[in-house]
Structures are given as C-alpha cells and as structure tokens.
Amino acid sequence: MSQLTSRAAGEKRTRLSLLQLLCAVSLWRTAVTQVLPLCGASAWWVTLACLLPGIGTAALLRWIMYLTHTDTLPEAFRAGLGKAGMWLLSAVLGALLLVEGLSGLTVLITLFTQGVGTRGTPFTLSLLTGGALLLSLHREGLSRAVHFLRWGMIAATVLIAACLLPDARLDQLFPLYGVADASVPEALKAGISLAWPLTLLLTGPCAKGDGLSRAVLPVFAAPAALLLLTLIMPGELLTRPAALADLLLLPAKYAPNALQILYLCLLMLTMFLAVGAAVQLATEQLCIPQKRCPGWLPHAVLIGLVLIQTADAGTLWELLSAVQPWLLVPLAGVALLCLPASIIRRKIV
Amino acid sequence: MRILVLLLLPVWLCSACTALPAEERAFAVALCVEKTAEEWHVHGRIPTYQPGGGYMTVAGEGGSFSAALADMDAASPMRINLSQLRLLAVDVSLAESGGLLNLLTTLSNRRDMRMQCAVALTDEPLQSVAEALKPAAGTRLSKALDLMLNARMEQGSILPATLSDVLRLGERQSPILIALAMAEGDVSLSGGYTADGVYLSVDETALLSLLLGHAKTLRIEVTEGSAEVRDAAVKVCLDEDLARVELTLTATASSLTQEALEQGLADSILGLLTRLSTAGCDVLGLGRQAAMHTHDVTQWQTLNWPEKYRDIRWQVSVGVSGPA
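Residues numbered from 1 in each chain as written. Chains lettered and ligands numbered in written order. Predicted model: local features only at pLDDT ≥ 70, side-chain atom pairs only at ≥ 80, totals over all residues. Heavy atoms only, no water.

Draft legend 1. Summary view of the sheet that holds strand 9 (residues 186–194) of chain B. All names here are of chain B. Spatially, the eight strands line up as an open sheet ordered 4-3-2-6-7-8-9-10, and their pairing is mixed. Two strands lie at the open edges of the sheet, namely strand 4 (55–62) and strand 10 (199–200), each paired on one side alone. Here two bridges tie strand 7 (residues 118–122) to strand 8 (residues 176–183), and the two strands are oriented parallel to one another. Along strand 8, the bridge assignment pairs Leu121 with Ala179. The strands touched by helix 6 (residues 141–155) are strand 3 (40–47), strand 4, strand 6 (87–91), strand 7, strand 8 and strand 9; relative to strand 9, the strand with the most contacts, the crossing angle is about 50 degrees. (Pairing = 2+ DSSP bridges. Helix = DSSP H or I, 4+ residues; strand = E, 2+ residues; numbered from the N terminus. Contact = heavy atoms within 4.5 Å. Axes fitted to C-alpha atoms, helices over the stretch in contact; angles between N-to-C directions.)

Draft legend 2. Spotlight on the packing of aromatic side chains. All names here are of chain B. All told, the structure shown has four aromatic pairs over all chains when counted by the stated rule. The interplanar angle of 55 degrees and the centroid separation of 5.6 Å between the aromatic rings of Trp40 and Phe65 together place this pair among those described as tilted. Of this pair, Trp40 sits in strand 3 while Phe65 sits in helix 2 (residues 65–75), placing them 25 residues apart in sequence. With respect to class, Trp40 is no different from Phe65; both count as buried. On the basis of an interplanar angle of 85 degrees and a centroid distance of 6.3 Å, the ring pair of Tyr309 and Trp314 is categorised as edge-to-face. The pair formed by Tyr309 and Trp314 is uniform in burial state, with each residue classed as buried. Aromatic ring contacts, followed pair by pair, group Trp305, Tyr309 and Trp314 into a single cluster. Over the aromatic face of Trp300 sits the side chain of Arg172, whose NZ or CZ is 5.6 Å from the ring centroid. (Phe/Tyr/Trp six-rings, centres within 6.5 Å; stacked < 30°, edge-to-face > 60°. Buried < 20%, exposed > 50% of the residue type's maximum accessible area, 1.4 Å probe, protein only. Lys NZ or Arg CZ within 6 Å of the ring centre and 35° of its normal.)

Draft legend 3. Representation of the sheet that holds strand 11 (residues 218–222) of chain B. Residues and elements named next belong to chain B. On the basis of which strands lie adjacent, the open sheet formed by four strands has the order 11-12-13-14 and mixed pairing. Edge strands, defined here as strands with exactly one partner in the open sheet, are strand 11 and strand 14 (313–321). This sheet shows a mean twist of 45 degrees between the axes of neighbouring strands, independent of strand direction. Packing of helix 9 (residues 258–278) onto the sheet brings it into contact with strand 11, strand 12 (225–239), strand 13 (242–254) and strand 14, and relative to strand 14 it is tilted by some 150 degrees.

Structure below.
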C-alpha cells in the first residue's frame, strides 16, 4: 500500500509541475505579446491586475467544489448539473486548452522562423516540432519530464535574472502609468483573460491546504519578469512597434550573446513542453465524461494543430489575439451556471 | 529515451538554427559608416581567412543605410555577419545632423547584431580608419580592439559606450560616445563625443569618468596642476532647476594644495557640466530624477525635460582628503 501511496503522491507532484509550467508559460507569452506592447513600463502591475479575474473564477469554481463536497471539478459539475454539466465543463476546458496549444505552437514556430532564422518553412518546422512532440506525448512521461527538468529551468531563469539585474534602474518604473503612447486601459482589456490557466491549477487536487501557496508561486514569475524587464529597459524601447518574434526575444535583446542563447534555449524548451502539456490536458478533459481516453487521441489532436500551421502565421496569430481576451468568459459562464444548482443542492442536503 | 529526446531537443534545434554555417560567413570586426549629401558609405573590416591571418576592407554605398549594407554584402566574398562586431565608427557629421539614433536603431534591429560593440564618432575619413585597423599584437583584430577599449576605459580616456548601453539610456540620459582619431597612421581612442557631435577632450572625459563612477582611480589634470585620485564618490541631486553635485575623493599624489585641488576640480566640473547642459547633453542622467516625480505620460511630456535641462543651474562642491 505504501508503494501505491507514494506512487500516487509522485504522480500528483508531476501533475502539479505540468500545470505550473503551463500556467507560467501561458502567462508569460500573453503578457509579453499582448500586454507589454500596449502599456510598456506599466506591464508588470497591469499583469498583476489581470490575474484577478482568473483568480476570481478559480475561487468561484473552488467554492462550487466545496458546496458539492467533491474533490475534482468534473465531479462538482456532475453533482450540480448532472451529466450535461460534466460534458459542458469538459467541452469548455478542452476548447480552451486546444486554443492554448494552438497559440503556443504558432508562437513557437514564429520564433523559429522569424526570431532565430531557422532554415525551412513554417509548415516544415511545424512537422519537425510536431514529430518531436509525438515522441514526447506519453501519459505520464511528459509530466515526469517536466518534473525532472523543473530545477534546471528554474536555475536557468534565476541565472538570466541575476545577469540582467545589475542593469536595473529604479527610475525606469516611472511614470507608473506608462510611457510614450502607452494605453493602460487597452492593455487591461487585452490581458483580462490571461490568467485562465489558474483555474486548472487552483482546482487541482494538489492545490489544497499548505500546498496552495507553493502551487501558485510560478504564476508570479511573469509579473516579476516584467518588473525586471521594466527596470532594465526604458519604456520607449518596450513600446516600440515590434513583430511577434522580436517581442519574445526582447528580454535578452540587449544582453551579451551567451545570455541570449541561454534565454532562447529556455524559451524554446518551456514553450515546447507547454504545447505538449496543453495537448495532453485537452485530450484528458475531452475524455473525462467517457471515462476512457483512446491512446491515439493526443496524437490526432497534435496532428490537427500542426496541420493548422499551414495557414498564414500572421493571420492565425491575429485570430488568436482577437480570441485571447475572451477565454475566461466561457469558464466564468459555466461556473455561474453551476453555482445556483450547487447552492440549492447544498441546502437540500 | 523520451526524456533524452526532450533534453537534447533544444540543442538539436539550436544547431539547426543558424542561417549559414560558420565557414560561409564573413564576421565583420569593425564597421565604419558615413553619409555624404547623396549617399551612405559603409566599410567593413573582415578577416581574409587566409593562412597567416590578415584583414581586408569591403565597402558598399547606397541611397540608404540598408542599401549600402546590402551593397557591402554583395562585394564581400562571403555573407557579412555582425555577431562579432567590436567597433562601430560613425562620421561625426551624421551625429551633428541628428541621424545617429536612427542608424543605431536600424542596426539594433538586425538579428545578427552584436549589441556589445563599442560606438565611436570620428571626423577622420572612414575608409582610412577601416584600413588602419590592424591587430597591434597577435593576429586577432577582435582581441586587439577588446584590449584597447578596456585599457582606455581603465585609464579614463574613454567612457563605456556600447550599442546596448547607448540605446538603453533612452530619453532620460545622454550617452558620451568614444572619440576616434588617427595618430601617425594608427587608430587612437581618446576623449568623447556627445550624441550631437560635441567634442570632449581627454581631461573632460576623465572628469566624467569620475562623476559617472566608471573610474575609481585616475590621474586628472586641472588648470594649475594634476593629481592622482582614488575612491571617488559622487552624489547628484536635482532640486527644481538647481542641480547639486557633491564629489568626494582621496588624493594619493598631487602637485597642488588641498584647497587648490578642490577649487580647480570644482571649476573644471562646473565648466564642463554647464557646457554640456547648454548643448542639451544630460550626461549625469538628471532626467531620471525628474521622471521619478511624474506619475503619468502627460506630466512627463509637459515637463519637456530636454528643453528644461538646458536652463539647469549647477552647484558643484568637491571634498578632497588623503596623504597628498
């Protein structure tokens, strides 16, 4: 039994690492590509503000779990709204994770083609990346790989931050409300849904009791990194019009070559793993109502995402950027739908 | 096996990431840029890749800077790559006409640009400058330039002025670029230029080196003598339109009395800062202190710091201690 218990605990830890990676990468990607170009030096506190809707939605979902005395969200929705509720939740979370995977893959391919200058067309690079992901998509293997690599990724992040810190200047935080043509309200609108992955993290079985504070730590990596970016670069450089790839490479643009390479490797690795995580979690969510997941489904989903990369990357990114601010709406909607039923059920019980 | 693939993937992808293999690129060590009335001229110093080493100059010209770079690329035996650039020398007339920042921004947008290259201004013919760049010792020009730049910075003859430093100063502080000159056929780096092309002598650059904290130990020349100083500490405060500069240092050797040295230094620094502020060069970064009192962009723009700075009054006090 102890072997089973320790195995279950280990799987919980690896699962938590996977969710933390997905949250951290998603927040960073959205903050750098959607929020930072709009508000420049204010990006760090605007991102912190944009976490609130996601935290609120997660709190609402946790309350539903508390009212229904369940340990997982699907069980809570099944208790509140029946099987239809469970299907609805699966569909919403599955769709959100698919959008997340598509955004991650689009950004990764754009980074390869326009940021680094890799030989090949976007589609051939998608095939290459998709092929590597197909090898990596294993039910427990991916989460174990993320858990295994976590200290390496954290160490690389800390090293990059430590090397950039000597260039920090406190005055570059001011004016607090932005610099040049910055627009804080527009940035808030663009980033309002950036914290939707928090709902997965905060409603997981790992985020209970003492584990909650440790579980959410990576979430604050994005605002902390943006704060550092603001301190090391003047606002006029942060809000200069730039392409998607240039925005991703901005943090290390003015750093020595070695640091640029380290940052690039860390970015590619974390984004690659986050795409795999999104695909795996999406297929899990879609299969929850059926209680079984065909082994070929994650691979089929991944192939679908790769095939979508045949579309023009610029148009695809515009579409994904237009959808990004609305991602929290369906999740908040289903939560508000389930809440009255959960309250009524609690009163009856 | 899968974990191994994940670990090796970044290495694999990075190795596929180079646009050209190393042997198919010409790494420019120095780039010289000038602009006449009609055309841009660029001169790149690249290795010949022959046994025994040696360097050659490739040139390009065009109606725009990008066209000139493309022309230089076409004239080069291999594709030019700027990832090993050590020195960017620009004609001072380009700075005087206000085109320097655009040039530096254009270069910084290149994917292969080395942001730690030193930026220098010169009024010498750029082709002669490029031809004169030879390794003084050893066979690597890049190493020779690195050593020369480090040595001049330690001596206080020049201030650090990399492309990264210059661009990241932004609107709140003005850079002091390196002054490049030719002396008996060799390239000499001493003194400085503001971004608008105002020349600073070696002594003035040494004073700025003390004020900006780049040199803690220095030999400085004042009107009536000279002194070896160390442990310099500077405090700069902005109070409305009055800027107070307090400099304390230790003199280890001096041909002047303490009072004479203090007065001489204070007069030299006051004269220098007044000249720079009249020219609109905020070398001490007072704009940073001004920005900290603003809370939104409208207030910062209303402040109109570049114009306000020209009317700044200076108050300089120097305290010298030590065995000399």
